[in-house]
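# Chains, contacts and geometry: an overview
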Amino acid sequence: MSRIQTSALVIAVAAAMAAGTAHAMPQHPATASAVRTNSKLSPESQQGAVSPVVGRQPQPPKKRKVRTLKTIVVNGSFISKAGHSALRMNVPSRDTPFSISTYTRSFMNAVDVSNVNQLYSYMTGIHSNGITAYDLVLRGFSSGVNDQNSILVNGLPGLASRFAPLPTFGLERIDVVRGPASVLNGEEQPGGFVDLVTKKPQAEPAYEFLTRARTYDGAGVGFTDSPGIEAAVDLTGPIDTNKRVLYRLVMDDTNNDTFRNAGYDHSQYFSPSLTWNISDATSLTAQYTYLRDRDSYDTELVAPDSNINLVPSITTRYQEPSDYESERASVLALFFKHRFANGWVWNVDTRDVWHTDLAHGFDVTEILKNLLYVGRRARGQINKRGYHYLDTNLHIPADLFGISNKIVVGLTAGKDTADENRTQFYNAPTSGPDSLNISIYNPIYGAVPPLSELPLFAKGHANLLTHRYISTETYGAYLADMITFSDHWKVTLGGRYAQDHQATAELRVPDVPFHSTTNNKFLPMVGLVYQPDDVQSYYASYSTSFVPPSASAIDIHGRNNFAPTFAKQIEVGTKDYFMHHRAFVTLALYQIDERNTFSHFKCPFGTCYEQVGRARSQGAEIEFHARPLENWQLIAGYGYTNAKITESSKLAQVNSRIPNVPYNSAHLWSRYDFTHGPLMGLGFGVGAIYSGQRNGLTPTKIGAPMLKLPAYTRVDAALYYDIGPYLISFKVQNLFNKRYFQSAGFNGDINLLPGAPRLFTLSVRGFFE
């Protein structure tokens, strides 16, 4: 157990002892209200509460509530009114001076996908940006595997996976906060962050079972060629009769063949958790997660001459059938909460991740001049990573001089370690008998020796077979205050002092100097909200972000002398109710300016970086959620994003668009259920996704070909049938079998990620209490 967890447990035990001696303390009115609210299994109605607070009052016998549970997790609202992740406060979204969205279990079940990254297309301001779990674009700025704070889990960094995204079945909700938010969350890219909130134990027994089968039919893949199956279970309830100890067990096993040649993905997710309600005011939750994944090693497609018209079939793969990557991770998270008699609330959260990944396969390194073959590299690696984070904060409601204040003050600490061991890094010649070339349009597998018979590195390039150990320590102190001057005016002020220390050591290659650096920054935030009535809310805000350079980022000379990236945003917007509170719309206008912007390019080390200057993203977003009828709801969004490099040391990059960012994007999902007549129990859903044209790479010289990813529209459709405790869903993704490209990966024209062809999915869920 790490020092962070040990400290947290000591704190929790001390608080529990204190709570035990004070169990006769009168219950604060806010706590009593929470007891009543949480007496039902309704995380969405709790506005983002982590776990229920259980009272001492005896509970009357309850009737079997199959229909109640299904209403909550199937037919509930797509978007919650809560806005917890934006300010670490349980306040309504309309009270915050930022654009935020909380997507619920009902939304995830309606769209009916297995993995989190498949939901991004139906979220405003987000686009997938590559092949790892971290690859996404928010408001025009990219995040990658080195950006731990771009995707949080329960408010803290450290995904359990590097390649495989988390299964949606293990999540309670997904919070999206758009724009810089380093004040409360530390180092992160200026576009914003995603917070994945996992399922926690509940006081009422509930059991959900899921079986999902899928298969492709398109792009030359037959209906029975690439099947997949998923089985999952979610069990929760009390262990004792007083409901002081609660449990939850979530398990998911997925085994899919993909539409790529000889492609597959097999993942397992296991997550038990316990909540101990020590008293009416104190609770401690411990959650363990084990994730294992093995899939085919795949660097996706290539675009010869950066010409999208020359891209081969989307099923084409340049790795051998035996090439693979695998990972496994163990996670331990603790959530401690204590409410004092005066209304103050103390939280201590920790997250510790131990992760190992392996990869053995062929990388595509270049497109040969004849535009018919690609060169390849034999690659092997063993990486071991650790993420250890703690956040403790105090929520202080206060009335100062007749003015209401909601204050949160906190401390954070974290340590990331990465042991990156290249076991093979052989850049083969692109001509002669020793080449590992393979045809772009008609790859023949087994024509080269297996990886085990190839050299570990090219002659004279032993320095590329690196074994690096990287350590990063981060510390922060933050304060935020939401001040309510009247029924109409609110001001939010905040600030954070952040410091990090990075150290890098090379364990194999001789004569590589030890490198260390320390960065620190103060980050301010201010916001204003004007609410003329209970349906309109207008806001303006200024916020900042700060990202030290990744310790693993190197330049063409193998050095890391980069400066931190800093960004600031000005945002104005409105959040309004319509149709007697049956519709809610958020409109935001923003400008983000970033300095010390990074660019990357192919090099002998694999990928090299350079700081090119400044970037700016200007845009507008609108998200609309409506429930015109009790049995019909829809969600829609539109985004305009003009993201460009404004200053660069390379003239060709000035005013060039940031890759994978369309000017225009939009989405819609609608669900209607019949509640009367002969069609009662039947429902249908329809969705559409639009993405405009995007640049696939950052130019390196004037006149060089530019990869352009075409605009596309994808249509999805679903049927639902509600029969007793079961819900049956049949979904067709990419109904018209549209050929499209989701993104260009890290290396542009040699990492082109295709969209999936037509996909049929049949899901059966059972809900019991």
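Please refer to the structure placed before this passage.
Cut-offs and rules
Residues numbered from 1 in each chain as written. Predicted model: local features only at pLDDT ≥ 70, side-chain atom pairs only at ≥ 80, totals over all residues. Heavy atoms only, no water. Pairing = 2+ DSSP bridges. Helix = DSSP H or I, 4+ residues; strand = E, 2+ residues; numbered from the N terminus. Axes fitted to C-alpha atoms, helices over the stretch in contact; angles between N-to-C directions. Buried < 20%, exposed > 50% of the residue type's maximum accessible area, 1.4 Å probe, protein only. Salt bridge = Lys/Arg side-chain N within 4 Å of Asp/Glu carboxyl O.

Two pairing modes exist for strands in a sheet, parallel and antiparallel, and in both the strands are linked by backbone hydrogen bonds. One open sheet holds the 3 strands; their spatial order is β2-β3-β4, and the pairing between them is antiparallel. Both edges of this open sheet fall to β2 (126-128) and β4 (141-143), since each of them pairs with a single strand only. Going across the sheet, the axis of each strand differs from the next one's by a mean of 25°, ignoring polarity. Across 3 bridges, the pairing between strand β3 (residues 136-138) and β4 is antiparallel. The residue bridging V137 from the neighbouring strand is S142, located in β4.

What follows is about unusual backbone geometry. One non-glycine residue, A262, lies in positive phi territory at about 55°. With respect to the element layout, A262 can be found in the loop between β10 (245-257) and β11 (264-277). Judged by relative accessible area, which is 43%, A262 ranks as partly exposed. For F401, which is not glycine, the phi torsion reads 55° and is therefore positive. Checked against the element boundaries, F401 lands in the loop between β15 (373-400) and β16 (403-427).

As paired strands, strand β19 (residues 489-506) and strand β20 (residues 515-530) are joined by 16 bridges and run antiparallel to one another. Residue pairing across strands places T504 opposite H515, the latter belonging to β20. Pairing analysis gives 5 bridges linking β20 to strand β21 (residues 536-547), with the strands arranged antiparallel. Bridge pairing in β21 links V526 to Y542. Between the antiparallel neighbours β20 and β21 lie 5 residues.

Before going further, it helps to examine the pattern of salt bridges. The final tally for this structure, using the stated rule, is 30 salt bridges. Here D280 ties to R244 by a salt bridge, and the two come within 3.5 Å at their closest N and O atoms. Taken as a pair, D280 in the loop between β11 and β12 (282-296) and R244 in the loop between β9 (228-238) and β10 lie far apart in primary sequence, 36 residues in all. As far as the burial class goes, D280 and R244 line up, both buried. When salt bridges that share partners are traced, they join D112, E208, R212, E230 and R765 into one network.

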